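Below are the chains, spelled out letter by letter.
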Amino acid sequence: MRISNRKRILITGGAGFLGSHLCERLLGEGNDVLCVDNFYSGTKDNVAHLMGNPHFELMRHDVTFPLYVETDEIYNLACPASPVHYQWDPVQTTKTSVHGAINMLGLAKRTKARIFQASTSEVYGDPEIHPQPESYWGRVNPIGIRSCYDEGKRCAETLFFDYHRQHKVDIKVARIFNTYGPRMHPNDGRVVSNFIVQALRGEDITIYGDGLQTRSFCYVDDLIEGFVRIMASPPEVTGPINLGNPHEFTIRELAEAVLKKVGGPSKLVFNPLPQDDPKQRQPDIGLAKTHLDWQPAVQLDAGLDKTIHYFRNFLQQ
Ligand code: NAD
Ligand code: UDP
């Protein structure tokens, strides 16, 4: 029996960077939020400010094991996202994507919940097509050091579409491109947090390779808006839909922009490029515009200011 009209929303990986922003947003909209996390790469600190809210619940749980709860919607975000974190225990990374998807899809099937999958631009690998539309099948190394993440996410997409075709589960799959903002982990090795933290500490800024590889950076608030819109879209909009900011920058341009904003004595230094590092990445967001009426509103300049402000305070604590 239900005695409340509030929607019961489960967010796996809710104590991570994106998950914590999503918890905040959905609580703000008057939902009951159950945040499930094993704290592999997320922290209780990320959601500490939500703990006093009676409609927020935090559960320590690893999604590679079954979960029995009642829910109306599931956002499946559990999975370390930075190369440093996902390569630290690659077997666990694949298990999290694959077993986690099976467990959450099973839960969605039983509860008839709509389920969202946080997929990734990594399904395109090191792409030959630029920008990347959803119709592109990708160029992924199946046995490299990024494969635990890339292939795990690809297999999770397969599972989502098979549960949809075979069991009529109501799915939403978003392919997320590089996203940044407050509450990124300061040591997770991702480029925006790395450069900002290095600049604020006056350390050298580590560019991998020649810095001419590109990425397109989306500010977290824009991305979360995209999550909410795809979840609210009609059932036939299953995705996959790219979510990201199509403005593309070289890594060197990013380093220069961060250094200019932070100032200080840091110098740009060039380190070896990691294996299988994609050379270019830019989302084609045509489908998101058409089906979700969504496009990013925050450009890099403003997003970097907010993120630098966050890390400046964080490092002073
Ligand atoms: P994050 O590492 O900050 O968050 C992931 C969260 O999942 C963490 O809180 C972690 O503890 C939790 N987790 C990991 N394994 C788990 C398990 N087995 N059981 C329960 N919880 C587990 O990363 P993020 O940037 O917030 O990414 C969130 C999701 O979005 C991930 O699925 C990631 O693949 C996807 N994504 C993110 C980006 C990005 O740029 N941030 C890009 C593409 C895709
Ligand atoms: N990168 C870099 N210096 C760093 C961290 C990352 O030059 O200190 C580069 C990395 O090699 C890649 C890009 O920045 O080309 C984005 O890296 P990130 O790990 O943030 O994301 P992903 O490679 O998964 O897109």
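Keep in mind that what you see is a predicted model, and the values were worked out from it rather than measured.

Trainee: Lay out the site of ligand 1 with the relevant residues and their values.
Mentor: What surrounds ligand 1 is a group of 30 residues, the closest being Leu18, Asp37, Ser41, Tyr149 and Lys153. The separation between an oxygen atom of ligand 1 and a polar main-chain atom of Tyr40 is 2.9 Å. Thr179 is positioned such that a nitrogen or oxygen atom in its backbone is 2.8 Å from an oxygen atom of ligand 1. Relative to its unbound accessible area of 810 Å², ligand 1 is 97% covered by the protein chains. Looking at the shell around ligand 1, the elements that each hand over two or more residues are helix 1 (17-28), helix 3 (90-111), strand 5 (114-120) and helix 4 (147-167). Here the shell around ligand 1 is built from residues that sort into 14 nonpolar, twelve polar and four charged.

Trainee: I'd like a rundown of the packing of aromatic side chains, residues and numbers included.
Mentor: All chains considered together, the criterion is met by eleven aromatic pairs. Each ring, one from Tyr180 and one from Tyr219, has its centre 5.6 Å from the other, and the planes form 65°; the classification is edge-to-face. Of this pair, Tyr180 sits in strand 7 (residues 179-180) while Tyr219 sits in strand 10 (residues 218-219), and the two are 39 residues apart along the sequence. Among the aromatic residues, those joined into a ring-pair cluster are Tyr75, Phe116 and Phe227.

Trainee: Tell me what's going on with the layout of surface pockets, and back it up with residues and numbers.
Mentor: One number sums up the size of the second largest pocket: a volume of about 160 Å³. Lining of the second largest pocket is provided by 14 residues; of these, Arg8, Asp32, Val33, Leu34 and Glu57 occupy positions nearest its centre. Secondary structure elements with two or more residues in the lining of the second largest pocket: strand 1 (8-12), strand 2 (32-37) and strand 3 (56-60). Considered class by class, the residues forming the lining of the second largest pocket number eight nonpolar, two polar and four charged.

Rules used throughout
Residues numbered from 1 in each chain as written. Chains lettered and ligands numbered in written order. Predicted model: local features only at pLDDT ≥ 70, side-chain atom pairs only at ≥ 80, totals over all residues. Heavy atoms only, no water. Near = heavy atom within 4 Å. Polar contact = N/O pair within 3.5 Å; in protein donor to acceptor, adjacent residues only side chain to side chain. Areas by Shrake-Rupley, 256 points an atom, 1.4 Å probe, with all protein chains shown as cover. Helix = DSSP H or I, 4+ residues; strand = E, 2+ residues; numbered from the N terminus. Nonpolar A, V, L, I, M, F, W, Y, C, P; charged D, E, K, R; others polar. Phe/Tyr/Trp six-rings, centres within 6.5 Å; stacked < 30°, edge-to-face > 60°. 1 Å grid on protein atoms, 1.4 Å probe; cavity = no way out; pocket = protein on both sides within 12 Å on 5 of 7 lines; lining within 4 Å. Points joined across faces, edges and corners; volume = space filled by probe spheres on them.

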